Amino acid sequence: MSQSTPTTRGRQVTAVSTHLTRRLLQLYIGLALYGVSSALLVRGGLGLEPWGVLHQGLAERTGLTIGVVSIIVGAAVLLLWIPIRQRPGLGTVSNVFVIGIAMDGTLALMPDAHGLAVQIPVLIGGIVLNGVATGLYIAARFGPGPRDGLMTGLHQVTGRSIRLVRTGIEVAVVGTGFLLGGTVGVGTVAYALAIGPLAQLFLRVFAISDQGTGSTVVAAGTPEQAILRK
């Protein structure tokens, strides 16, 4: 039987610390970049992601910034976890605040894009960056975002497929946001088509090995099971 030495134990502690540090960095960098990517879609003016449409519509009606609205909606959605018995993690709570703050900060620094020659690259950059951000923060494995947990919780409670639940939620969100004044356009469609493959790719790129096993945890199965978008 092998015995661990002080040196071995020290290395194990260091490895665990490094592993946790990388996960935390991925979480917060990913959430911050998600906010930046959402701001790019706003400035591009060609259409937002589904929840962004709702956030923008509410911002138009309330006079609040879109980032503040995002935080309020995220907190409200988190309350809906209670009856469906979902448990938040560090990533869940961080998701509520970090994305909204990063989004407002980016919008304060970045002017609107004018003309398709500028709008299209901004749109593409926002969608790709959103995929990178999604891969970063989900691969960190600190818990799903509030909206993701609502989706998976309703899936468990109703027995309906994740694909059906997600589609139902996002159709309702886009429709409500559009009626409130949110921007729906070609960017909304492009985002819907591209985000699944992009996030799946970057989940694999940023997968972190399980400490002590050397195996990597990546999204497996179908995209609707693996891609738990904000």
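Bear in mind that the values here come from a model prediction, so they are computed numbers and not experimental data. (Residues numbered from 1 in each chain as written. Predicted model: local features only at pLDDT ≥ 70, side-chain atom pairs only at ≥ 80, totals over all residues. Heavy atoms only, no water.)

> Can you walk me through the overall build of the protein in this structure?
Counting its regular elements, the protein contains 10 helices and 2 strands. Secondary structure of the protein in N-to-C order comes out as α-α-α-α-α-α-α-α-α-β-β-α. Counting over 230 residues, the protein shows a buried share of 47%. Counting only contacts in the protein whose residues sit at least 6 apart along the sequence, the fraction spanning at least 24 positions is 80%. Summed over its atoms, the accessible surface of the protein is roughly 11300 Å², and 67% of this surface lies on carbon and sulfur atoms. (Helix = DSSP H or I, 4+ residues; strand = E, 2+ residues; numbered from the N terminus. Buried < 20%, exposed > 50% of the residue type's maximum accessible area, 1.4 Å probe, protein only. Contact = heavy atoms within 4.5 Å. Areas by Shrake-Rupley, 256 points an atom, 1.4 Å probe, with all protein chains shown as cover.)

> Sorry if this is basic, but what is going on with the packing of helix 3 (residues 66–79) against helix 7 (residues 146–158) here?
The description of two helices packed together rests on the angle between their axes and the distance between the axes. One way to put it is that helix 3 packs onto helix 7 with a least axis distance of 8 Å and a crossing angle of 30°. Taken together, helix 3 and helix 7 sit at an angle that is classed as roughly parallel. Of the two elements, helix 3 crosses helix 7, and the hand of that crossing is left-handed. Across the interface between the two elements, S70, V73, G74, V77 and L78 of helix 3 pack against P146, R147 and L150 of helix 7. Along the lines of polarity and charge, the residues of the contact of helix 3 with helix 7 split into 5 nonpolar, 2 polar and 1 charged. (Axes fitted to C-alpha atoms, helices over the stretch in contact; angles between N-to-C directions. Parallel < 35°, antiparallel > 145°, perpendicular 65-115°, else oblique. Left-handed = near helix turned anticlockwise from the far one by under 90°. Nonpolar A, V, L, I, M, F, W, Y, C, P; charged D, E, K, R; others polar.)

> Can you help me understand the packing of aromatic side chains in this one?
For any pair of aromatic rings, geometry is given as the distance between the ring centres together with the angle between the planes. By the definition in use, this model includes 2 aromatic pairs. Plain terms: the ring middles of Y34 and Y137 are 6.2 Å apart, the flat faces sit at 75° to each other, and that makes the pair edge-to-face. Residue Y34 is located in helix 1 (residues 6–44), and its partner Y137 is located in helix 6 (residues 116–139); the two are separated by 103 residues in the primary sequence. In this pair, the class of Y34 matches that of Y137, namely buried. (Phe/Tyr/Trp six-rings, centres within 6.5 Å; stacked < 30°, edge-to-face > 60°.)

> Would you take a moment to explain the nonpolar core for this structure?
The tendency in soluble globular proteins is for nonpolar side chains to be buried side by side. Of all hydrophobic cores here, the largest spans 42 residues; its most connected members are W51 and I169. In terms of residue count, the dominant contributor to this core is helix 6 (8 residues). (Core = buried A, V, L, I, M, F, W, Y, C linked by side-chain atoms within 4.5 Å.)

> What should I look at first to understand a nonpolar patch on the surface in this one?
Judged by side-chain polarity, L116, I120, I124 and V128 come together as a nonpolar surface patch covering roughly 340 Å² of accessible area. Classification of V128 by relative accessible area gives partly exposed; the value is 36%. (Patch = residues over 30% accessible without salt bridge, like charges linked within 9 Å, V, L, I, M, F, W, Y side chains within 5 Å. Salt bridge = Lys/Arg side-chain N within 4 Å of Asp/Glu carboxyl O.)

> What am I meant to see in the packing of helix 7 against helix 8 (residues 162–180) here?
The contact between helix 7 and helix 8 brings their axes to 9 Å, and the two run at 125°. Between helix 7 and helix 8, the angle falls in the class oblique. The chirality of how helix 7 crosses helix 8 is right-handed. Contact with helix 7, carried on its side by L150, M151, L154, H155 and T158, involves I162, V165, R166 and I169 of helix 8 and no other residues of that element. In the contact of helix 7 with helix 8, the residues fall into 6 nonpolar, 2 polar and 1 charged.

> Please clarify how the environment of I195 should be interpreted in this entry.
Note on placement: I195 falls in helix 9 (residues 186–205). Residues I195 and T134, 61 residues apart in the sequence, show an inter-C-alpha distance of 8.9 Å.

> What is the right way to read the environment of L31 from this model?
Positionally, L31 belongs in helix 1. Classification of L31 by relative accessible area gives buried; the value is 0%. Apart from the residues within four sequence positions on either side, L31 is in contact with G91, S94, N95, V98, I99 and Y137.

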